[in-house]
Amino acid sequence: MLNLSKQCFSSIFTRALRGGIVGLFLLEPLFALPAQYKVDYVKGNIQDKIQAVKTAASFSDNELCMQAINFALDAEALFPNDKDVKDLVYTAVSSLSASGVSEYNGEKISTELATVFRSYSDEDIRVIVLRKLKDFPASTNVSLVNAYVTECVQKAKKMDSVFLTALETLQYVGNSTSFTILFVADLMGIWPEYRSQIQAAYAPLANDCEGEILTVLSNVTTEKKLEILSIVNQNSQISRKISGEVAENALSDSIYNLGEMNDVSSAQLELQIASLQTISDTQWTSQGI
């Protein structure tokens, strides 16, 4: 019969107890409770949800922000223009974090942002959505912003914070379509007092849009050709190569359009002189003249 001393038994019991406690600590993550802010979001009213989303932002918890956005979109259908619902969706969108994104949920977030933009005409909500598009870029959302800007151009819409933010967004995520829309809007002079903002938006895109510039150049009047030449010459973000190409094409068009006419208009003469000056300044080597 095994005979254990009291001291030996105590030692074995202590080791077993410690092992059990360690085991409990190892198992603890399996039974971890959700963060309190998540509990507050599920159980709380809409004000509690707003506060929970603000807390989630400090943890880059995009999942909870997305839950709030989906909740708000559903609620908007039942309670159109409800202030609390607007506050929730605004808070959720503004709390989205680029640092909490994987490729998969980044794409999902981008899709939901587009849905929010279409669902709300509220100026503040649209502005925050446009700002977040820079953190969650997608080609479909660039198309969304392009369509919005095109509509504004066609209707000569009064400039507002949404349109100005759309300009800022396209400056970073725009494509050749964005460039053409903004470049033509600038030439049309729809918003002369905001010309600097429009040019700031399309200038970073210009060097990838040489073909678009030359296409516009070939389809406008002599006066507008002069204006295009002036734009590309004066904007430091547009390459000297493009300036030279524009000057060469403008000069060629001017000479070709003269035909057999003996008279040269003052605008044509000015364009020819300006084009030759640009070709000289850029040391452009022409292959077509």
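Residues numbered from 1 in each chain as written. Predicted model: local features only at pLDDT ≥ 70, side-chain atom pairs only at ≥ 80, totals over all residues. Heavy atoms only, no water.

1. Brief notes about the packing of helix α8 (residues 139-154) against helix α10 (residues 176-188)
Part 1 of the reasoning: Where α8 contacts α10, the two axes come as close as 10 Å, and the packing angle between them is 15°. Taken together, the axes of α8 and α10 are roughly parallel relative to one another. Here α8 runs over α10; the crossing is left-handed. Together, Val142, Asn146, Val149, Thr150 and Val153 of α8 and Thr177, Ser178, Ile181, Leu182, Ala185 and Met188 of α10 make up the contact between the two elements.
Part 2 of the reasoning: Classifying every residue of the contact of α8 with α10 by side-chain character gives seven nonpolar, four polar and no charged. (Axes fitted to C-alpha atoms, helices over the stretch in contact; angles between N-to-C directions. Helix = DSSP H or I, 4+ residues; strand = E, 2+ residues; numbered from the N terminus. Parallel < 35°, antiparallel > 145°, perpendicular 65-115°, else oblique. Left-handed = near helix turned anticlockwise from the far one by under 90°. Contact = heavy atoms within 4.5 Å. Nonpolar A, V, L, I, M, F, W, Y, C, P; charged D, E, K, R; others polar.)

2. Brief notes about a nonpolar patch on the surface
Part 1 of the reasoning: A surface patch of nonpolar side chains, amounting to about 260 Å² of accessible area, comprises Val264, Leu269 and Ile273.
Part 2 of the reasoning: Mapped onto the elements, Val264 comes out in the loop between α14 (240-258) and α15 (266-281).
Part 3 of the reasoning: The partly exposed category is assigned to Val264, whose relative accessible area is 41%. (Patch = residues over 30% accessible without salt bridge, like charges linked within 9 Å, V, L, I, M, F, W, Y side chains within 5 Å. Areas by Shrake-Rupley, 256 points an atom, 1.4 Å probe, with all protein chains shown as cover. Salt bridge = Lys/Arg side-chain N within 4 Å of Asp/Glu carboxyl O. Buried < 20%, exposed > 50% of the residue type's maximum accessible area, 1.4 Å probe, protein only.)

3. Comments concerning the environment of Val232
Part 1 of the reasoning: Mapped onto the elements, Val232 comes out in helix α13 (residues 222-234).
Part 2 of the reasoning: Judged by relative accessible area, Val232 falls into the buried class, the value being 1%.

4. Quick word on α13
Part 1 of the reasoning: Taking 1.5 Å of rise per residue, the 13 residues of α13 would be expected to cover 18 Å, and the 18 Å separating its terminal C-alpha atoms lies within 8% of that figure.
Part 2 of the reasoning: Residues of α13 that are buried include every one of Lys225, Leu226, Ile228, Leu229, Ile231 and Val232, and no others. (Expected span 1.5 Å × (residues − 1).)

5. Describing the confidence of the model for the protein chain
Part 1 of the reasoning: Taken over all residues, the pLDDT of the protein chain has a mean of 86, while the share at 70 or more is 83%.
Part 2 of the reasoning: Taken together, the stretch residues 12-32 has pLDDT below 50 and engages in zero contacts with residues farther than four places along the chain or on a different chain. (pLDDT = per-residue confidence, 0-100.)

6. Quick look at the nonpolar core
Part 1 of the reasoning: Core analysis: the biggest nonpolar cluster contains 77 residues, and Val149, Phe183 and Val246 have the highest contact counts within it.
Part 2 of the reasoning: The biggest single contributor to this core is helix α4 (residues 62-78), with eight residues.
Part 3 of the reasoning: Among all residues touching Val149, those that are not within four sequence positions of it are Phe163, Ala166, Leu170, Ile181 and Leu182. (Core = buried A, V, L, I, M, F, W, Y, C linked by side-chain atoms within 4.5 Å.)

7. Quick notes on empty space enclosed by the protein
Part 1 of the reasoning: This model, assessed by the stated rule, comprises one cavity of 30 Å³ or more.
Part 2 of the reasoning: Roughly 40 Å³ of volume is contained in the largest cavity.
Part 3 of the reasoning: Together, Leu133, Phe136, Pro137, Ala138, Asn141, Val142, Val145, Thr169 and Val173 line the largest cavity.
Part 4 of the reasoning: Contributions of two or more residues to the lining of the largest cavity are made by α8 and α9 (161-173).
Part 5 of the reasoning: Broken down by element, the residue count for the lining of the largest cavity peaks at three residues, all from α8.
Part 6 of the reasoning: Partitioning the lining of the largest cavity into residue classes produces seven nonpolar, two polar and no charged. (1 Å grid on protein atoms, 1.4 Å probe; cavity = no way out; pocket = protein on both sides within 12 Å on 5 of 7 lines; lining within 4 Å. Points joined across faces, edges and corners; volume = space filled by probe spheres on them.)

8. Points about the packing of aromatic side chains
Part 1 of the reasoning: This model, assessed by the stated rule, comprises six aromatic pairs.
Part 2 of the reasoning: With 5.1 Å between their ring centres and 20° between their planes, Phe179 and Phe183 make a pair best called stacked. Here Phe183 and Phe179 lie together in helix α10, a separation of four residues that amounts to about one turn.
Part 3 of the reasoning: Under the relative-accessibility criterion, Phe183 is labelled buried at 1%.
Part 4 of the reasoning: Ring centres 5.5 Å apart and planes at 85° place the aromatic pair Phe179 and Tyr202 in the edge-to-face group. (Phe/Tyr/Trp six-rings, centres within 6.5 Å; stacked < 30°, edge-to-face > 60°.)

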